[in-house]
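Coordinate inspection notes
Spelled out, the chains give:
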Amino acid sequence: MTVISDFMQQDHVDIDAIAERATAAAAAGDATTMVREGAEFLKRLQRHIDQEEQLLFPAFEERTGMREGGPSVQMKMEHDDMRPILEQMHAAVAAKDAAGYQKASKALFDILVPHNQKEEQMMYPMLDDTMGADAGALLADVKALGA
Ligand SMILES: [Fe+2]
Ligand SMILES: [Fe+2]
C-alpha cells in the first residue's frame, strides 16, 4: 500500500509549485503576487508539517516504538531547522520584501529539498508498511487536519 506516500508526496509537489510562483514573482519584482503566493506557500507548508508532527510521526512512533534516534526524530529536527527561516519568510511577506523573501526561500529549500527526498524514499514508505490496513484511516485524519 502506498496511500500515505502518494498523498504526502503529491502535497510536496503542490507546495513546491506554489513556492515556484512566489519566488518567480519575487524575482520579477511583482510584490503583490509574491505576497499572495508566499503567504499561501507558508500556510500550506505549515499544515503539511503539522500533519506530519501531530498525526503521522506519532502514529509511526506508537506502532514501531522507534522514538529515540528513529527516522521521525530526524525529520522533526529538520523541521526545527526550518522554523527560524520560515519566520524570516513570514517577515519578508509582511514587509513586501522581495529580496528578503528570495534569500530566505533559498536557505529554506537547501533544507527542504533533501528533507522531502528522505521522507519520500524512507519515511512515508515506512509509514505505509507500518500502518498496513490502518493507513487509510490515518490518512483520513491527515486530510481533515486544518482542512
Ligand atoms: Fe517533513
Ligand atoms: Fe513532508
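Let us look at the structure shown here. (Residues numbered from 1 in each chain as written. Chains lettered and ligands numbered in written order. Predicted model: local features only at pLDDT ≥ 70, side-chain atom pairs only at ≥ 80, totals over all residues.)

1. Thoughts on helix α4 (residues 98–131)
- Helix length check: α4 (34 residues) gives 42 Å between terminal C-alpha atoms against 50 Å at 1.5 Å per residue, more than 12% under.
- Where α4 bends most, at E119, the angle is about 45 degrees. (Helix = DSSP H or I, 4+ residues; strand = E, 2+ residues; numbered from the N terminus. Expected span 1.5 Å × (residues − 1). Bend = angle between axes of the 7 residues up to and from the residue.)

2. Comments concerning the nonpolar core
- Grouped together as the largest cluster of nonpolar side chains are 18 residues, with contacts concentrated most on A22, A26, M34, F41, M89, V93 and Y101.
- Mapped by element, the contributors of at least two residues to this core are α1 (3–27), α2 (31–64), α3 (71–94) and α4.
- In this structure, M89 is in contact with G38, L42, Y101, A104, S105 and L108, ignoring residues within four places of it in sequence. (Core = buried A, V, L, I, M, F, W, Y, C linked by C-beta atoms within 7 Å. Buried ≥ 20, exposed ≤ 12 C-beta atoms within 10 Å, placed from the backbone. Contact = placed C-beta atoms within 7 Å.)

3. Points about α2
- Over its 34 residues, α2 extends 46 Å from the first C-alpha to the last, a length consistent with the 50 Å expected when each residue adds 1.5 Å.
- Residue G65 follows α2 closely and has a positive phi angle near 75 degrees.

4. A short note on unusual backbone geometry
- The backbone of K96 sits at a positive phi, close to 55 degrees, despite the residue not being glycine.
- Locating K96 in the fold gives a position in the loop between α3 and α4.

5. Let's talk about the environment of T2
- With respect to the helices, strands and loops of the structure, T2 is situated in the segment before α1.
- Sequence-wise, T2 and Y124 are 122 residues apart; in three dimensions their C-alpha atoms are separated by 8.3 Å.

6. Here's the deal with the packing of α2 against α3
- Running from amino to carboxyl end, α2 crosses α3 at an angle of 160 degrees, the nearest separation of the two axes being 11 Å. Between α2 and α3, the angle is such that the two are roughly antiparallel. Considering only the axes of α2 and α3, their crossing is left-handed. Taking contact as the criterion, the partners of V35, G38, A39, L42, I49, E52, E53, F57, F60 and E61 in α2 are, on α3, S72, M75, K76, H79, L86, M89, H90 and V93. (Axes fitted to C-alpha atoms, helices over the stretch in contact; angles between N-to-C directions. Parallel < 35°, antiparallel > 145°, perpendicular 65-115°, else oblique. Left-handed = near helix turned anticlockwise from the far one by under 90°.)

7. So, the packing of α3 against α4
- Look at α3 against α4: their axes get within 9 Å of each other, and the N-to-C directions meet at 155 degrees. Looking at the two axes, α3 sits roughly antiparallel to α4. Crossing of α3 against α4: the hand is left-handed.
- Across the contact of α3 with α4, the residue classes tally to 17 nonpolar, 5 polar and 3 charged. (Nonpolar A, V, L, I, M, F, W, Y, C, P; charged D, E, K, R; others polar.)

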